[in-house]
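Analysis of the macromolecular model
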Amino acid sequence: PAAADELTALIALQPSDTDAIYLRASIFLAMNQPDRAIADYATILKQKPGQVNALALRAEVYERLKQWNHALADYGEGIRLAPKEAAWCHHARGHIHGVLGHWQQAQADMIEAVRLRPGDAQWWMELAAYRLRAGDTVNYRGLCDEMLKQFGQTNDPIIAHRVALCCMLSPAPGGPPAAPLQLAAVSASRAANNPWCVLTHGAALYRTEQFGLAVVE
């Protein structure tokens with residue numbers, strides 16, 4: 001509270017100091033006062049219309065409060081203002097659409113998020129899940145193929161887990177291809193204490209009908 005009071009005094013003297021307003025907003029969030037943080041972001045946007053950072057931060061607060069329409073509007077405006085740097089806004093907006101069961105919109109946003117930040121295997125996995133929820137198994141399989149091209153040679157156990165698990169979310173005709181099974185083995189061998197990596201290896205055993213070993217895993 002003392003820090004917020006000091007910043008309030010500073011802002012009263014220098015009302016255009018947006019760095020101080022950003023900092024006060026973060027303190028209000030830490031104090032569990034989201035409405036005051038939202039007001040600070042609104043002040044910044046009034047002074048500097050088009051501040052994508054302020055829009056995205058305010059959208060995150062709206063999302064925390066489950067004020068979905070306000071969050072969607074702010075993320076959308078951030079995308080409109082800076083389409084080439086809007087990966088996070090697309091990802092966050094896609095997540096909200098997923099929460100609301102808007103699978104086609106969730107897919108569309110995640111496609112853009114992945115296009116803008118192709119090195120994030122977690123985002124690819126989320127896109128795959130949205131495609132399955134939308135019933136789009138054909139494009140889901142195509143996405144798995146793309147992931148294997150992008151990440152198939154990785155030695156990183158977390159990336160290997162994400163790609164392998166993504167490819168085994170739905171059974172493949174004729175059984176799973178060899179590549180995700182190999183990635184699952186890489187993941188489990190390099191991160192044996194990580195429960196997610198072990199889970200992925202268990203999923204690989206299940207998909208190859210090694211049910212006894214899958215239960216043990």
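Refer to the structure above for everything that follows.
A look at unusual backbone geometry
With a phi close to 60°, Asn32 is a non-glycine residue in the positive phi region. Here Lys66, not a glycine, exhibits a phi torsion of approximately 60°, which is positive. Turning to its location among the elements, Lys66 is positioned in the loop between α4 (52–64) and α5 (68–81).

Remarks on the nonpolar core
Core analysis: the biggest nonpolar cluster contains 30 residues, and Met110, Trp123, Trp124, Val163, Cys166 and Leu183 have the highest contact counts within it. At the level of elements, α7 (103–116), α8 (121–133), α9 (137–151), α10 (157–167), α11 (178–190) and α12 (195–207) are the ones that each hand at least two residues to this core. In terms of residue count, the dominant contributor to this core is α8 (seven residues). Once residues within four sequence positions are removed from consideration, Trp123 is found in contact with Ala87, Trp88, His91, Met110, Ala113, Val114 and Arg117. Among the nonpolar cores identified, the runner-up in size contains 29 residues, and Ile21, Tyr22, Ala71 and Ala92 belong to it.

Regarding α12
Across its 13 residues, α12 extends 18 Å between first and last C-alpha, which sits within 8% of the 18 Å expected from 1.5 Å per residue. Taken residue by residue, α12 has Cys197, Val198, Thr200, Gly202, Ala203, Ala204 and Leu205 as its buried positions. A distance of 2.8 Å separates the backbone nitrogen of Trp196 from a side-chain oxygen at the start of α12, and that oxygen is part of Asn194.

Some details on the packing of α10 against α12
For the pair α10 and α12, the least separation of the axes is 9 Å and the interaxial angle reads 35°. Handedness of the crossing formed by α10 with α12: left-handed. Between α10 and α12, the contacting residues are Pro157, Ile158, His161, Ala164 and Leu165 on the first element and Trp196, Cys197, Thr200 and Ala203 on the second. Residue classes in the contact of α10 with α12 are distributed as seven nonpolar, two polar and no charged.

As for α11
Here α11 is 13 residues long and its end C-alpha atoms lie 18 Å apart, about the 18 Å a rise of 1.5 Å per residue gives. Restricting attention to buried positions, one finds in α11 the residues Pro180, Leu183, Ala184, Ser187 and Ala188. The buried residues of α11 occupy an angular sector of 130° when the element is viewed end-on, so they sit on one face. Set apart from the buried face of α11 by more than 90 degrees, the exposed residues are Gln182, Ser189 and Arg190. Summarising the contacts, the buried residues of α11 are in contact with α9, α10 and α12.

A closer look at the environment of Asn139
Here Asn139 shows up in helix α9. Sequence-wise, Asn139 and His161 are 22 residues apart; in three dimensions their C-alpha atoms are separated by 21 Å. At a separation of 2.9 Å, a polar atom in the side chain of Asn139 contacts the side chain of Asp136.

About the thresholds
- The residue numbers shown here count from 1 along each chain, following its written sequence.
- Residues qualify for local features only when their pLDDT is at least 70, as the model is predicted, and side-chain atom pairs are given and counted only at 80 or more; totals for whole chains, interfaces and linings, by contrast, use all residues.
- Excluding hydrogens and water, the side-chain figures rest on all heavy atoms present in the structure.
- For the purposes of this entry, the term helix denotes a DSSP run of H or I that reaches at least four residues, the term strand denotes a run of E that reaches at least two, and both are numbered from the N terminus.
- We define the nonpolar core as a collection of buried residues of types Ala, Val, Leu, Ile, Met, Phe, Trp, Tyr and Cys that are connected through side-chain atoms lying within 4.5 Å of one another.
- Relative accessibility under 20% of the residue-type maximum defines a buried residue, over 50% an exposed one, and the middle range a partly exposed one, all with a 1.4 Å probe and only protein chains included.
- Residue contacts are defined here by distance: any two heavy atoms, one from each residue, within 4.5 Å place the two residues in contact.
- A helix is expected to reach a length of 1.5 Å times the quantity of its residues less one.
- Between N or O atoms, a polar contact is any pair within 3.5 Å; within protein, one atom must be a potential hydrogen donor and the other a potential acceptor, and residues adjacent in sequence are included only when both atoms are from side chains.
- Inter-axis angles, ranging from 0 to 180 degrees, are taken between N-to-C directions of lines fitted to C-alpha atoms, where helices are fitted over the stretch in contact.
- The handedness criterion is simple: a crossing whose near helix is rotated anticlockwise from the far helix by less than a right angle is left-handed, and one whose near helix is rotated clockwise is right-handed.
- As a working rule, the residues Ala, Val, Leu, Ile, Met, Phe, Trp, Tyr, Cys and Pro are called nonpolar, Asp, Glu, Lys and Arg charged, and the rest polar, with Gly in that last group.
- Taking the helix axis as origin, the arc is that swept by the directions to the C-beta atoms.

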